[in-house]
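Below, each chain spelled out in residue letters.
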Number of protein chains: 2
Amino acid sequence: MAKRFTADQYADGILAGNRIVLSQAITLAESTLLSDQTLTQHVLDRVLPHAGHSVRVGITGVPGVGKSTFIEALGLFLVNEQQKRLAVLAVDPSSQRSGGSILGDKTRMSQLAAHPQAYIRPSPAGRSLGGVTRSTREAMLLCEAAGYDIIFIETVGVGQSETAVHGMVDFFLLLMLAGAGDELQGIKKGIMEMADAITITKADGGNELAARRARREYQNALHLFPTTESGWQPVVTTSSAVSGAGVPEVWGVVQQYVQQTQASGYFQQRRQAQNLHWLHEAIRHGLEEQFYARPEVQAQIAIVRQQVLQGQKSAFGAAGELLSM
Amino acid sequence: MAKRFTADQYADGILAGNRIVLSQAITLAESTLLSDQTLTQHVLDRVLPHAGHSVRVGITGVPGVGKSTFIEALGLFLVNEQQKRLAVLAVDPSSQRSGGSILGDKTRMSQLAAHPQAYIRPSPAGRSLGGVTRSTREAMLLCEAAGYDIIFIETVGVGQSETAVHGMVDFFLLLMLAGAGDELQGIKKGIMEMADAITITKADGGNELAARRARREYQNALHLFPTTESGWQPVVTTSSAVSGAGVPEVWGVVQQYVQQTQASGYFQQRRQAQNLHWLHEAIRHGLEEQFYARPEVQAQIAIVRQQVLQGQKSAFGAAGELLSM
């Protein structure tokens, strides 16, 4: 990025709904330059009073589940039938990518990407999980300030990013395939736990029966768990991006969740708790970054790790030594 | 604690299997005094080469599941029939206790407590989760150095301590009741996820049929999840502390797990990963402790939290301000 605007220029452009300025501001938020990060904070301070008025939905599922086609089908329903403005952001730390690209190009969702009420942003390349989640959260706030009613945050469903995304959204949707038997398609246990809804994708043609069976199985499995903090009982549906069947229903579930948790006050409480969580996460991240960059720590850490690994030193004792250096 | 020994005196007493010295050393590890923590590290450095040779089992279940009677039954089997030496430690951060005391007095397991090969240690009172998990991990190492072959770490099964305990044991056992329907007795979702085995307790008398049904249900639910990193498929059994039925079988499952994971190398790998995890946890904990104790941070943190809570400041921006103070 060659040129920088002033914080006010970014903010004014975003608040006016200018997509080009929005994209430039997100690029700024993704920058690792300290000066860019400071500028980003100034932009955020300006636009924050206008953010927060969207429904934030995390969407995940392993490669092959049909995430792009599902998101495009649901997205087109939202922008065309519901007159919503939708932003789709991706979290895909390339350092831990384990197959299956995500939003690498916009051709994946060509119809949605071309729609004036939709904004699709691929994941920044070559960043750590911490960096990606930070910039994704900032991108989300910027999109809200630009007037998007609904934010989708998409992850590849194979690892750690899901927990981070769960910590920044209101609703977590898991896409699953029918007929994959006991294996749950490599979805980590913890991910299923976080789901507010599961939709069995590709429920069309010869696959419909299997999808309905899978729906029952997952519903039974989820019933075994107690209701969550929110009082919400996770819902399992079937859907087909090809026929469109079940796609609006998924959005109905999200709306039901939002109504129920807004009425109970949980929705707002959770947003506040998430804000605080991110404050303390950011502090922790900053402290660790400063600590591990110290020359005396860098000189010792490999040796100490080895000693702790081999059980020659206790973890707490070794930590104390490093901290007092 | 009035009197302190030297590190060598503690270490020698522990290595000689002196239970009184062991108890005093654990009390030392639980102390929040900096001088005691330093002394504890010296003791640990001395005894560490003799630690690590036990099987570490986390045991949890909500109040009412019959945890004490089960642990006593299994413990008596281990010390009497298997000639093992068993230490039982409890993790129960009083700050977040939500009903049901744990190892508050040794009368709960009077037979086991009186046995010369068993050592029962109640949870230290009035400590934070971080403090309790730290001292529990240290107590575990001290007990190992004192020659205990098997360490049980017991938690109340209602919250956060389970994750911490899961990070310090080899095997995680969850106790469940039959016939509690869909509710899973308030067990948090994440806890069931961590279980290497579940045993349905109180499987006696009129309850046997329900226990067997519950066993099948849980086994089916667990089958829905993919096999874990260890390659181990969680096992569900039924047991009765009253009749003793199924109690030795639980130990058989633990032994099978240990054999399988030692053969594959996973057992040792996981121990090493846990050591490293605790090193970095301890560093993080120390950094945060130092940071939040700074006078300038203490003066600002409440205001900043409020601003972030209300969405007036972005979490990352606010963190950056505090970190640069």
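Definitions and cut-offs
- Residues numbered from 1 in each chain as written.
- Chains lettered and ligands numbered in written order.
- Predicted model: local features only at pLDDT ≥ 70, side-chain atom pairs only at ≥ 80, totals over all residues.
- Heavy atoms only, no water.
- Helix = DSSP H or I, 4+ residues; strand = E, 2+ residues; numbered from the N terminus.
- Buried < 20%, exposed > 50% of the residue type's maximum accessible area, 1.4 Å probe, protein only.
- Contact = heavy atoms within 4.5 Å.
- Areas by Shrake-Rupley, 256 points an atom, 1.4 Å probe, with all protein chains shown as cover.
- Axes fitted to C-alpha atoms, helices over the stretch in contact; angles between N-to-C directions.
- Parallel < 35°, antiparallel > 145°, perpendicular 65-115°, else oblique.
- Left-handed = near helix turned anticlockwise from the far one by under 90°.
- Nonpolar A, V, L, I, M, F, W, Y, C, P; charged D, E, K, R; others polar.
- Pairing = 2+ DSSP bridges.

(A) Spatial organisation of the overall build of chain A. A count of helical and extended segments in chain A gives 13 helices and seven strands. Every one of the 325 residues in chain A was classed for burial, and the buried ones make up 55%. Taking the intrachain contacts of chain A between residues at least 6 apart in sequence as the baseline, contacts between residues at least 24 apart amount to 75%. On chain A, roughly 13000 Å² of surface is accessible, and the fraction owed to carbon and sulfur atoms is 52%.

(B) Geometry of the packing of helix α13 (residues 315-323) of chain A against helix α11 (residues 266-293) of chain B. Where α13(A) meets α11(B), the axes come as close as 8 Å, and the angle between the chain directions of the two elements is 45°. Comparing their axes, α11(B) and α13(A) come out oblique. Like other packed secondary-structure pairs, α13(A) and α11(B) cross with a definite hand, here right-handed. From α13(A), A:Ala315, A:Phe316, A:Ala318, A:Ala319, A:Leu322 and A:Leu323 reach across to α11(B), where they touch B:Asn275, B:Trp278, B:Leu279, B:Ala282, B:Ile283, B:Gly286, B:Leu287 and B:Gln290. The residue makeup of the contact of α13(A) with α11(B), split by class, is eleven nonpolar, three polar and no charged.

(C) View of the sheet that holds strand β1 (residues 55-60) of chain B. Residues and elements named next belong to chain B. Sheet architecture is open: seven strands sit in the order β3-β2-β4-β1-β5-β6-β7, paired in parallel fashion. Two strands close off the open sheet at either side, each with one partner strand: β3 (118-121) and β7 (235-238). With strand direction ignored, the average angle separating the axes of adjacent strands in the sheet is 20°. Alignment of strand β2 (residues 86-91) against β3, held across four bridges, turns out to be parallel. Each bridged residue has a counterpart across the sheet, and for Ala-87 the counterpart in β3 is Tyr-119. This element, helix α9 (residues 208-223), spans β5 (171-177), β6 (197-201) and β7 of the sheet and lies at about 175° to β7. Along the sheet, helix α10 (residues 247-264) contacts β1, β4 (150-155), β5, β6 and β7; its crossing angle with β1, the most-contacted strand, is approximately 130°.

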